[in-house]
Every structure is written in C-alpha cells, then in structure tokens.
Amino acid sequence: MKTTVKKLSDTKVVLTIVVGRDELEAAEQVALKKLSRDVKVSGFRKGHVPLSVVAKNVNPNALQEQTLDNALSKAVADAFMTENIQAIERPEVEVKKFVPGDTLEFTAEATVLPEVKLPDYKKLKSKRADVKVADADGHYRYMPAAASGEVTHSPSRFEMIFRESVLKVDYAGHLVL
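Residues numbered from 1 in each chain as written. Predicted model: local features only at pLDDT ≥ 70, side-chain atom pairs only at ≥ 80, totals over all residues. Heavy atoms only, no water.

Asker: Is there a simple way to think about the overall build of the chain in this case?
Answerer: Summing up its helical and strand segments, the chain has five helices and six strands in all. Ordered by position in the sequence, the α and β elements of the chain form the string β-β-α-α-α-β-β-α-α-β-β. A total of 177 residues make up the chain; the buried ones form 20% of that total. When contacts within the chain are restricted to residue pairs at least 6 apart in sequence, those whose partners lie at least 24 apart make up 53%. Total accessible area on the chain is roughly 14700 Å²; 53% of this is exposed by carbon and sulfur atoms. (Helix = DSSP H or I, 4+ residues; strand = E, 2+ residues; numbered from the N terminus. Buried < 20%, exposed > 50% of the residue type's maximum accessible area, 1.4 Å probe, protein only. Contact = heavy atoms within 4.5 Å. Areas by Shrake-Rupley, 256 points an atom, 1.4 Å probe, with all protein chains shown as cover.)

Asker: Would you mind showing me how to read the pattern of salt bridges here?
Answerer: Side chains that carry opposite charge are capable of pairing whenever their charged atoms lie near each other. Scanning the model with the defined rule gives five salt bridges in all. Among the salt bridges present, the one from E115 reaches K7, with a minimum N-O distance of 3.8 Å. Taken together, the residues span a long stretch of sequence, with E115 in the loop between strand 4 (103-111) and helix 4 (144-148) and K7 in strand 1 (residues 2-7) at a distance of 108 residues. Taking the shortest distance from any N to any O, the salt bridge between E94 and K96 comes out at 3.3 Å. Here E94 falls in the partly exposed class, since its relative accessible area comes to 45%. (Salt bridge = Lys/Arg side-chain N within 4 Å of Asp/Glu carboxyl O.)

Asker: What am I meant to see in the pairing of strand 3 (residues 92-99) here?
Answerer: Consecutive side chains of a regular strand alternate in pointing toward one face of the sheet and then the other. Where strand 3 meets strand 4, seven bridges bridge the pair, whose relative direction is antiparallel. Residue V95 lies in a different strand from strand 4, and its bridge partner there is F106. What sits between strand 3 and strand 4 in their antiparallel hairpin is a turn of three residues, with G101 showing a positive phi close to 80 degrees. (Pairing = 2+ DSSP bridges.)

Asker: Would you take a moment to explain unusual backbone geometry for this structure?
Answerer: With the exception of glycine, most residues fall at negative phi, and the peptide bonds are largely trans. The phi dihedral of N84 falls on the positive side, at around 55 degrees, and the residue is not glycine. Mapped onto the elements of the fold, N84 is located in the loop between helix 3 (60-82) and strand 3.

Asker: I tried to follow the confidence of the model for the chain on my own but got confused; where do I start?
Answerer: Detailed reading of the predicted coordinates is not advisable wherever pLDDT falls low. For the chain, the mean per-residue pLDDT works out to 82, and 73% of the residues sit at or above 70. Confidence, read as mean pLDDT per element, is least for helix 4 in the chain (51) and greatest for strand 2 (residues 12-19) (96). (pLDDT = per-residue confidence, 0-100.)

Asker: Is there a simple way to think about the sheet that holds strand 4 in this case?
Answerer: Neighbouring strands of a sheet are bound in pairs by backbone hydrogen bonds; such pairs are parallel or else antiparallel. Read across the open sheet, the four strands follow the order 1-2-4-3; overall the sheet is antiparallel. The outermost strands of the open sheet, each flanked by one partner alone, are strand 1 and strand 3. Taken over all neighbouring pairs, the strand axes of this sheet differ in orientation by 15 degrees on average, direction set aside. Pairing of strand 2 with strand 4 involves eight bridges; the strand directions are antiparallel. Counted as the bridge partner of I17 is F106 from strand 4. Against the sheet, helix 1 (residues 21-36) makes contact with strand 2, strand 3 and strand 4, and its axis sits at roughly 85 degrees relative to strand 2, the strand it touches most. (Axes fitted to C-alpha atoms, helices over the stretch in contact; angles between N-to-C directions.)

Asker: Would you explain the environment of A87 in this entry?
Answerer: Among the structural elements, A87 can be located in the loop between helix 3 and strand 3. Filtering out sequence-adjacent residues up to four positions away, A87 remains in contact with F80, A110, T111 and V112.

Asker: Would you mind showing me how to read the nonpolar core here?
Answerer: Nonpolar side chains in soluble globular proteins tend to be buried together. By size, the foremost hydrophobic cluster in this structure holds 19 residues, and its most contacted members are L15, I17, V19, F80, I85, L104 and F106. Put simply, the parts of the chain that give this core at least two residues each are strand 2, helix 1, helix 3 and strand 4. In terms of residue count, the dominant contributor to this core is helix 3 (seven residues). Excluding its chain neighbours within four sequence positions, the residues that come into contact with I17 are M1, K2, T3, A75, V76, A79, L104, E105 and F106. Judged by nonpolar contacts, the second largest core, of nine residues, contains L35, V39, V41 and V54. (Core = buried A, V, L, I, M, F, W, Y, C linked by side-chain atoms within 4.5 Å.)

Asker: I would appreciate a short explanation of the packing of helix 1 against helix 3 in the present structure.
Answerer: When two helices pack together, their arrangement is captured by the angle between the axes and the distance separating the axes. Between helix 1 and helix 3, the shortest axis-to-axis distance is 8 Å and the interhelical angle comes to 120 degrees. In this view, helix 1 runs oblique relative to helix 3, as classed from their interaxial angle. Viewed along their axes, helix 1 and helix 3 form a crossing whose handedness is right-handed. Across the interface between the two elements, L24, A27, E28, V30, A31, L32, K34 and L35 of helix 1 pack against A62, L63, Q66, T67, N70 and A71 of helix 3. Across the contact of helix 1 with helix 3, the residue classes break down as nine nonpolar, three polar and two charged. (Parallel < 35°, antiparallel > 145°, perpendicular 65-115°, else oblique. Left-handed = near helix turned anticlockwise from the far one by under 90°. Nonpolar A, V, L, I, M, F, W, Y, C, P; charged D, E, K, R; others polar.)

And the structure:
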C-alpha cells in the first residue's frame, strides 16, 4: 500500500492511497467469508459452504462490491494510523481506479485536528494573591481549632432530643451500654 499526504489547509488533508494485489486478495477472502453466511448450495448447510464453492456460486458484482468496501475501510484506517493523522470525522472517499484483483487507487479527504503550539510554560510568571478573611465587624479572626484539624462536633437540637436513642458500638462489633 502506497500513501501520499497533501495538506489543503490547517484542518483539511487529502490522502492518495494505492492498494496492491496482496491487500485486495485479503479483502476478497474476507468478503467471501461474509457472503458465505447467506449462500445456499445443495449438499451444504447454510453458512458452512467452503470458500472455493462460494466463489463459484456468489454474484460477482456482490463479491466485487464487498471486496471494495473491505479494502477501502482497511486501507483508510491503516493509512491514517501509519501517517499519524487524527481525523475529526469520517473521511470522504473517492475511488479513482479499481481493477478487481489487481489495483485500487482512491483519495480520502478528511477534516483533522489543527496543530496547537503551546508557548514555554516555564517562562510564564504569576503573582500570588494575598487573601485575608474578615468577619462582619472588619476584625480578622484566627481559628486555631479549625486550622489544626481539631474541630469538635456540636450537637444539633435533633441530636439533643434523641440523644438517649444513640447506640455506641465498639470496633469488635459488640454493643456497649
């Protein structure tokens, strides 16, 4: 498979792909396997017909169409992977030349992600903002208990009313009375 890449713009790319005989033969074998599921031949169960018999009994146009579909999808995927191109959407494919069993030449035009060049982040400078918290009177407060993590729990009204109904359980799972 030969691939040439042409950039139309920052977001458009056209790939010209030429598929050889080996890739077309592999695509034809896959097409025969797919078509063998539906071929009915006397003496064989449906879906269990040998590929050589399927090739003789299947519609040649259907075989060529399935081969072309398989070859196109595999070649487009391989070309985009080998050229390291990230397409945003499915490429528009236009077949230029198709000789069954010999060659396939087509173009695939796709919208791609534009290149983003980031500046050197180590050269960026920023100032740290000083944050001061004041209460409603304008006085600054320091809360040592909250700062050290020693925050205590103050019971709510609900907890005070039903304090008697709270059970304590130790780590072993025994009820402590």
